[in-house]
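Structural description and commentary
Residues per chain, in single letters:
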Amino acid sequence: MQYQVPISDLRFLLFDLLGVDELQQLDKYAEATPDLIVTILEEMGKFAAEVIQPTNKIGDQQGCSYDPTTHAVTTPDGFREAYRQFAEAGWTALDAPVEFGGQGLPHVLKFIVDEIVCSSNLSLGMYPGLTHGAISAIYTHGSPELQQTYLQKLVSGEWTGTMCLTEPQCGTDLGLIRTRATPNDDGSYSIEGTKIWITGGEHDLVDNIVHLVLAKLPGAPNSTKGISLFAVPKVLPDSGERNPAFCGGLEHKMGIKGSSTCVMNFEGAQGWMIGEPNQGMRAMFTMMNEARLMVGMQGLGLAEMAFQESLGFARDRLQSRSLAGPQNPDGPADPIIVHPDVRRMLMRQKVLNEGMRALALFTGHQLDLSVALPDADGRQQADDLVQLLTPVVKAFLTDEGFNNANMGLQVLGGAGFTTDWPLEQLVRDGRIARIYEGTNGIQAMDLVGRKLGLGGGRLIAGLFGVLDEYLQDNPEAPHASELTDTVALLREATSWVASHGLEDPEQAGSAASAYLRLMALTVIAYLWSRMAYAAQARIASGEGDSAFLQAKLVSARYYYEKLLPETLWLARDINSGKESVMAFADEHWAA
Ligand SMILES: Cc1cc2nc3c(=O)[nH]c(=O)nc-3n(C[C@H](O)[C@H](O)[C@H](O)COP(=O)(O)OP(=O)(O)OC[C@H]3O[C@@H](n4cnc5c(N)ncnc54)[C@H](O)[C@@H]3O)c2cc1C
C-alpha cells in the first residue's frame with residue numbers, strides 16, 4: 001500500500017492548534033510563510049512515496065553486508081540513490097544553520113519530515129538522522145575551525161555523522177568508557193578504543209563519515225565528569241588520507257536491517273576535541289536530546305504506517321456479519337471494520353497517533369520559540385518545556401508507537417504475521433526505538449531524577465502554568481472538567497514523587513515509568529481538548545472539511561472515555577510506593 005502523508009492532520013495541528021503561521025513574524029523565521037510550509041509538506045510526501053518507500057522492503061530483505069578484507073559496508077540496493085536524491089533535494093539542510101548552507105526553517109518542520117521518512121523507511125532515515133545531531137553538537141560546541149571544516153559538508157549531506165558512545169562494558173553507564181584520547185603535538189588527539197552498535201559507523205552512501213566519539217584524556221576522572229568529545233573523520237579533510245577508524249563487523253539484528261550497526265575500532269585515529277576537556281557529556285547531550293526527539297518521531301512514523309495498512313485491510317477483509325445485522329448484504333460477509341473489537345483497535349491507533357503527533361509538534365514548536373522569541377523570559381519558558389517533554393516524547397512515542405504497530409498487526413490476523421504484509425517489519429523495526437538513545441526506563445529516570453528538580457522545580461511549574469492557564473481561560477472548552485481532574489492527579493503524583501524521592505531515591509526510581517506515562521497522557525489530554533476546541537470553532541465558522549473536523553470531536557471523546565482512565569491506575573501505582581517492587585530477597589526470585 002502506498003503511504004499517504006497525514007496532510008490534513010498536519011495542517012490542522014500546525015495552523016489551527018499551534019498557530020505556526022505566526023512564526024514568520026519572528027526575525028529568525030521570517031521566511032516560513034504558511035504557503036512555504038504547506039509546499040514543503042506536500043513535496044516531502046511525494047518524495048517519500050516515490051523515492052524512499054520503494055527501498056523499504058528490499059532494505060529489510062537484503063540488509064547491509066560487510067567485507068572484512070576492506071572493512072567496507074554495502075547498503076541494500078537503492079539506498080545510495082535514494083540518499084543522493086534526499087541530500088540533493090535539500091532535505092538534510094531543512095532546519096540547519098543558514099551560515100553553513102542550511103535553510104534555517106523551523107525545527108517543527110524537521111519533526112514532520114522525520115515522521116514521514118520513518119513511515120517510509122526507518123533504516124534509510126537513520127543515516128541523515130544522526131548527521132543532524134552531529135551538526136548541532138559541532139555548531140553549538142565546536143571551535144570555528146571545526147565548524148568551517150565539517151558543517152557545510154554535513155549540512156549538504158555530502159558527509160554523514162555518527163554518535164559513538166557505547167562500548168562492550170557500558171551502554172547506560174557511560175562513566176565506564178575505556179576509549180582513550182592522547183594529545184598530539186599539533187593540538188589534535190590520538191583516539192584508541194572500541195565502540196559497539198554504532199549506527200551508520202560505516203556505509204557506502206557518502207565518501208566521508210564524521211564520528212563524534214566520547215573518550216577519556218590521560219588522568220581524567222573515572223566517571224562521566226572525565227569524558228571528552230572528539231570529531232574523528234573517516235577520511236582526514238586536509239590530506240585525504242584514510243584515518244584508522246575501521247568497522248570491525250556488523251550486528252545481526254531483529255529489525256532496521258538496512259541501517260548499518262557497526263563495531264568501530266579506533267586504532268590511533270586522529271581526532272579533534274569538541275568543546276572543553278572533560279565536558280564531553282555536555283556537548284554530547286546537545287546531540288542526544290535532538291536524537292531523542294527524532295527517535296520519538298520514529299515510533300510515531302511506524303505507528304502511522306501501521307494504522308494506514310490496518311485501516312485499508314479492515315475495510316477490505318470480509319469476515320462474519322455485523323452484530324447489528326448485515327452491512328454488506330450482497331457479499332458473503334461484512335468487512336471486519338464493522339466489528340466493535342476491530343474498531344477498538346483502529347480507534348486506539350488513530351486517536352493515540354494523532355495525540356502523539358500533537359505532543360511532538362507542540363514540543364517542536366516550543367523548540368522554535370526557545371530560539372526565536374525576542375524576550376529572554378519567553379525563550380526560557382519555551383526551553384523549559386522542551387527539556388521537560390524531551391524524555392516524555394522519546395519514551396511515550398516509542399512505547400505507544402510500538403504498541404500501535406503491534407495492534408495494527410493484530411487487525412490483519414494471520415496475514416499480519418506473514419512477510420506478505422509490511423506489519424511484521426514495522427513491529428520488528430519499531431522495537432529498537434524503545435532501547436536506543438537511552439532506554440525508556442532511563443528516560444523516565446531523567447524525568448523524575450533530573451528534570452523535575454531542575455531550577456528548583458521551575459520546569460514542572462512551567463508545565464502546570466500552561467495547563468492551569470488554559471483551564472482558567474477556557475472553562476467551556478471540551479472535556480475541561482475531566483482535564484481539571486487529570487491535572488490534579490498529575491500534581492498529586494508530582495508532589496508524591498518529589499517528597500518521597502527526596503527521602504528515598506528508590507521511591508522515585510520505582511515510580512518513574514508510571515509517572516512519565518501519567519505526564520504524557522495528561523499533556524495529550526490537554527492537547528485533545530484544544531484540538532476539539534479548535535475543531536468546534538472551525539465547524540461553527542462553516543469552513544473546513546466537515547468529516548475531518550467531526551472526526552476530531554469523536555476522537556477527543558474516545559481519548560477521554562477510553563484511554564485517559566489509565567491515569568487513575570497510574571496514580572495508584574505511583575502512590576503504592578516501592579515496597580512490593582523491592583521486597584524480594586535473592587532467594588525469592590527462583591522460588
Ligand atoms: C540497533 C542499535 C543501534 C544503536 N546505535 C547506537 C549508536 O549509534 N551509538 C551509540 O553509542 N550506541 C548505540 N546503540 C546502543 C544503545 O544506545 C544502547 O543499547 C542503550 O543505550 C542501552 O545500553 P545497553 O544496551 O548497554 O543496556 P544496559 O545499560 O546494559 O541496560 C540494560 C537494562 O538495564 C536498565 N538499566 C541500566 N541502568 C539502569 C539504571 N541506572 N536505572 C534503571 N535501569 C537501568 C536499562 O534500562 C536496560 O533495560 C545502539 C544499539 C542498537 C541495538
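Everything here concerns the structure above.
Figured I'd write up the structure that's included with this text. Quantities reported herein were computed from a predicted structural model and do not represent experimental measurements. (Residues numbered from 1 in each chain as written. Predicted model: local features only at pLDDT ≥ 70, side-chain atom pairs only at ≥ 80, totals over all residues. Heavy atoms only, no water.)

A look at unusual backbone geometry
Basically, it comes down to this: Where helices and strands are cited, they refer to DSSP runs of H or I of at least four residues and of E of at least two residues respectively, numbered from the N terminus.
Positive phi, close to 65°, is recorded for Asn278, a residue that is not glycine. Among the structural elements, Asn278 can be located in the loop between strand S9 (261–274) and helix H7 (280–316). Of note, the phi angle at His479 is positive, near 65°, even though the residue is not glycine.

Concerning the nonpolar core
The criterion, for reference: Residue types Ala, Val, Leu, Ile, Met, Phe, Trp, Tyr and Cys, when buried and joined through side-chain atoms within 4.5 Å, form a set referred to as a nonpolar core. Accessibility here uses a 1.4 Å probe with only protein chains present; expressed as a share of the type maximum, an area under 20% marks a residue as buried, one over 50% as exposed, and anything in between as partly exposed.
In terms of nonpolar packing, the biggest core is built from 160 residues, with Tyr515, Met519 and Tyr559 touching the most fellow members. The greatest single-element share of this core, amounting to 20 residues, is contributed by helix H15 (residues 505–541). In this structure, Leu146, Trp159, Met163 and Leu214 belong to the second largest nonpolar core, which totals 31 residues.

A closer look at the packing of helix H2 (residues 34–52) against helix H5 (residues 107–141)
Formally: Axes here refer to lines fitted to C-alpha atoms; in helices the fit is confined to the stretch in contact. Angles between the N-to-C directions go from 0 to 180 degrees. Roughly parallel refers to an angle under 35 degrees, roughly antiparallel to one over 145, roughly perpendicular to one between 65 and 115, and oblique to any angle outside these ranges. We call two residues in contact whenever any of their non-hydrogen atoms come within 4.5 Å of each other. Polar here means any residue other than Ala, Val, Leu, Ile, Met, Phe, Trp, Tyr, Cys and Pro, which are nonpolar, and Asp, Glu, Lys and Arg, which are charged; Gly is therefore polar.
Look at H2 against H5: their axes get within 10 Å of each other, and the N-to-C directions meet at 5°. Taken together, the axes of H2 and H5 are roughly parallel relative to one another. Every residue of H5 that contacts H2 at Ile37, Ile40, Leu41, Met44, Ala48 and Ile52 is listed here: Leu109, Ile112, Val113, Ile116, Val117, Ser120, Asn121 and Leu124. Partitioning the contact of H2 with H5 into residue classes produces twelve nonpolar, two polar and no charged.

Description of helix H4 (residues 79–88)
The test is simple: The directions considered for the arc run from the helix axis to the C-beta atoms.
For H4, the full list of buried residues reads Phe79, Ala82, Tyr83, Phe86 and Ala87. The buried residues of H4 occupy one face: seen down the axis, they fall within an arc of 135°. Close packing links the buried residues of H4 with H2, helix H3 (56–62), H5, helix H6 (144–156) and strand S3 (159–164). Of the residues trailing H4, Gly90 is marked for its positive phi of about 90°.

Overview of the site of the ligand
Note the cut-off: Throughout, the term near means that a residue has one or more heavy atoms lying within 4 Å of the molecule or strand in question. Nitrogen and oxygen atoms within 3.5 Å of one another constitute a polar contact, given that in protein one can donate a hydrogen and the other can accept it, and given that sequence-neighbouring residues count only through two side-chain atoms. Throughout, the Shrake-Rupley method with a 1.4 Å probe supplies accessible areas, and for residues the shown protein chains are the sole cover considered.
In the neighbourhood of the ligand, 17 residues make up the surrounding shell, with Met163, Thr166, Thr172, Trp197 and Thr439 lying closest. Leu165 is positioned such that a nitrogen or oxygen atom in its backbone is 2.9 Å from an oxygen atom of the ligand. Between the ligand and the protein, one listed contact pairs an oxygen atom with a side-chain N or O atom of Thr172 at 2.6 Å. Notes on the ligand: free accessible area 970 Å², of which the protein chains cover 62%. Elements represented by at least two residues in the shell around the ligand include exactly S3 and strand S5 (189–199). When residues of the shell around the ligand are assigned to their parent elements, the largest contribution, three residues, is made by S5. When the residues that make up the shell around the ligand are grouped by side-chain class, the tally is nine nonpolar, six polar and two charged.

So, the environment of Leu109
When you line up the elements, Leu109 lands in helix H5. Along the sequence, Leu109 and Ser156 sit 47 residues apart, while their C-alpha atoms lie 17 Å from each other. Beyond its immediate sequence surroundings of up to four residues, Leu109 is in contact with Ile37, Ile40, Leu41 and Leu94.

Details of the pairing of strand S7 (residues 228–233)
As a reminder, the rule being used: Pairing between two strands is assigned when DSSP locates at least 2 bridges connecting them.
S7 sits mainly inside the fold: six of its six residues count as buried. Judged by which residues are buried, S7 turns out to be covered on both faces: Ser228, Phe230 and Val232 on one side and Leu229, Ala231 and Pro233 on the other are all buried. Pairing between strand S6 (residues 208–215) and S7: six bridges, direction antiparallel. Opposite His211, over in S7, you have Val232 as the bridge partner.

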